[in-house]
Amino acid sequence: MTSFDRLRKVLVKYFIDLRWHSIFIAIAIYMSASWILLELCGETSITRDSNFFYWIMVTASTVGYGDFSPATPQGKYATALFVIPFGLSLFGLVIGRIASFVSYQWRKGVQGLKALNYENHILVIGWNGNRTLQLIRLLLKETQDHSEIKNIALCVKADIENPLPDKIGFVKTSSFSSEVEMRRASINHAACIIIDNPEDDMTMTTALFCSQQNPDAHIIAYFKDEQLGALLKSHCPNIESMPSVAVEMLAKSAMDPGSGLLHQQLLDSNKGMTQYSINYTATAATPFENLFNKFKQQYRATLIGISTKGPDSLELNPELNKIIEPGNTLFYIAAQRIKHIDWS
């Protein structure tokens, strides 16, 4: 191997391993050497005041506006043999490093390796292919129609990349019960946590972990086995267990044809009338009948139920003389979410 090859190999290795602080030192040395060289060449119009910084940036990037240029032969040689070649090399190196850094950070986000800086967000834990994608799309539609738009994050163990990188946050973890890894998904700051895993036992352990890490969050866990859901509910009353209703919908459609489509439309915000909820924030109590008529006449919506003490106290089709207290939750059917209601 010749001396030139050895030198080239050392330089290539040095520039590949070059750190940011080394690049800044190289830039400082280059600018200082350029200023001294031009000053010795008598280019005082370039080295004076703030002209030098402007000129060196324009020259090193080869933009060359021409408003400042060397006037002496020595200055022209110095610019042609030192300022432009070395400046162009450093300029290309910095731009390449910045582009590489941005690309690396973007790839980390797509691969789920970056920590999310989310608060009051919706966290979906688990991956079920197209079913999870449909869930996220429905959540995106719901949050767009809601008065308070929330960020949505997906946390998975599967070997996938972010399926919607421009719309949701994404975190990949090796365990849903690892405190260190789950903190990257901002589990402690989530407003709502949805757990939907292929296996019920994983859903159970994940729900218990989430309840411990964030007891104030609204936690929803989907179970194929309703008994496991009931068992979890007995230990963690704040968790909303979501059982499968496929069998019930089959039976209902058998006796009342069209029931399956009806329930699908009520749950899908992209199709026709959909079920929503809203808090009754008035200062005075009122009979259900008054609100029922108001919703129907003014908003073309139908009140179908109330909840007085959380989801477990849901009452469908209440009596018209049922008194609605401030703070109760109203459930209604409408073409879109009602964002502003004049309770007076």
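First, a word on scope: everything that follows refers to the structure included in this document. Because the structure is predicted, anything quoted here is derived from the model rather than measured. (Residues numbered from 1 in each chain as written. Predicted model: local features only at pLDDT ≥ 70, side-chain atom pairs only at ≥ 80, totals over all residues. Heavy atoms only, no water.)

Focus: the sheet that holds strand 3 (residues 169–172)
Ordered by their spatial adjacency, six strands build an open sheet running 3-2-1-4-5-6, and the pairing between neighbours is parallel. Since the sheet does not close on itself, it has two edges, and those belong to strand 3 and strand 6 (239–243), each with one partner. Adjacent strand axes in the sheet meet at a mean angle of 20° when their direction is disregarded. In this sheet, strand 3 lies alongside strand 2 (residues 152–156) in parallel orientation, the contact comprising four bridges. By the bridge assignment for strand 3, V156 is matched with K172. Contacts from helix 8 (residues 200–213) reach strand 1 (122–125), strand 4 (192–195), strand 5 (218–223) and strand 6, with the element oriented near 170° to strand 5. Strands strand 5 and strand 6 of the sheet are contacted by helix 9 (residues 226–235), whose axis makes an angle of about 170° with strand 6. (Pairing = 2+ DSSP bridges. Helix = DSSP H or I, 4+ residues; strand = E, 2+ residues; numbered from the N terminus. Axes fitted to C-alpha atoms, helices over the stretch in contact; angles between N-to-C directions. Contact = heavy atoms within 4.5 Å.)

Observations concerning the sheet that holds strand 7 (residues 274–279)
Note on sheets: strands pair through backbone hydrogen bonds, and any given pair is parallel or antiparallel. Overall, antiparallel pairing links the four strands, which are arranged 7-12-9-10 in an open sheet. Only two strands of the sheet have a single partner each, and these edge strands are strand 7 and strand 10 (314–316). The sheet shows a mean angle of 30° between the axes of neighbouring strands, taken without regard to direction. Note that strand 7 and strand 12 (residues 329–334) share six bridges and pair antiparallel. Paired with Y276 across the bridge in strand 12 is Y332. The strands that helix 12 (residues 288–299) touches are strand 7, strand 9 (302–307) and strand 12; relative to strand 9, the one it contacts most, it runs at about 140°.

Observations concerning the pattern of salt bridges
In the structure shown here, the tally under the stated rule is five salt bridges. R337 is the salt-bridge partner of E142, the closest N and O atoms lying 2.8 Å from each other. Taken together, the residues span a long stretch of sequence, with E142 in helix 6 (residues 130–145) and R337 in the segment after strand 12 at a distance of 195 residues. This pair shows no difference in class: E142 is buried, exactly as R337 is. (Salt bridge = Lys/Arg side-chain N within 4 Å of Asp/Glu carboxyl O. Buried < 20%, exposed > 50% of the residue type's maximum accessible area, 1.4 Å probe, protein only.)

Some thoughts on the environment of G272
As for its placement among the helices and strands, G272 is situated in the loop between helix 11 (259–267) and strand 7. Here G272 falls in the partly exposed class, since its relative accessible area comes to 47%. For the pair G272 and H340, spaced 68 residues apart in sequence, the C-alpha to C-alpha distance is 20 Å. Contact partners of G272, with chain neighbours within four places excluded, come to Q265, A334 and A335.

Side note on the nonpolar core
Of all hydrophobic cores here, the largest spans 25 residues; its most connected members are L123, I125, I193 and L232. Only strand 1, strand 2, strand 4, helix 8 and strand 5 provide two or more residues apiece to this core. With four residues, helix 8 is the largest single contributor of residues to this core. (Core = buried A, V, L, I, M, F, W, Y, C linked by side-chain atoms within 4.5 Å.)

Quick notes on the environment of F82
Checked against the element boundaries, F82 lands in helix 5 (residues 73–110). Taking the relative accessible area as the measure of exposure, F82 reaches 22% and is therefore partly exposed. Between the C-alpha atom of F82 and that of T329, which follows or precedes it by 247 residues, the distance is 74 Å. Residues in contact with F82, not counting those within four places in the same chain, are Y30, A33, S34, L37, Y77 and G87.

A word on the pairing of strand 4
Burial of the side chains of strand 4 extends over both faces: C192 and I194 are buried on one face and I193 and I195 on the other. In this sheet, strand 4 lies alongside strand 1 in parallel orientation, the contact comprising four bridges. Following the sheet pairing, I122 is matched in strand 4 by C192. Across four bridges, strand 4 lies against strand 5 in parallel orientation. In the sheet register, I194 faces strand 5, and the bridge partner there is I220. Between the parallel pair strand 4 and strand 5, the chain is carried across by helix 8, and the sense of this crossover is right-handed. (Right-handed = clockwise from strand over helix to strand, strands pointing away.)

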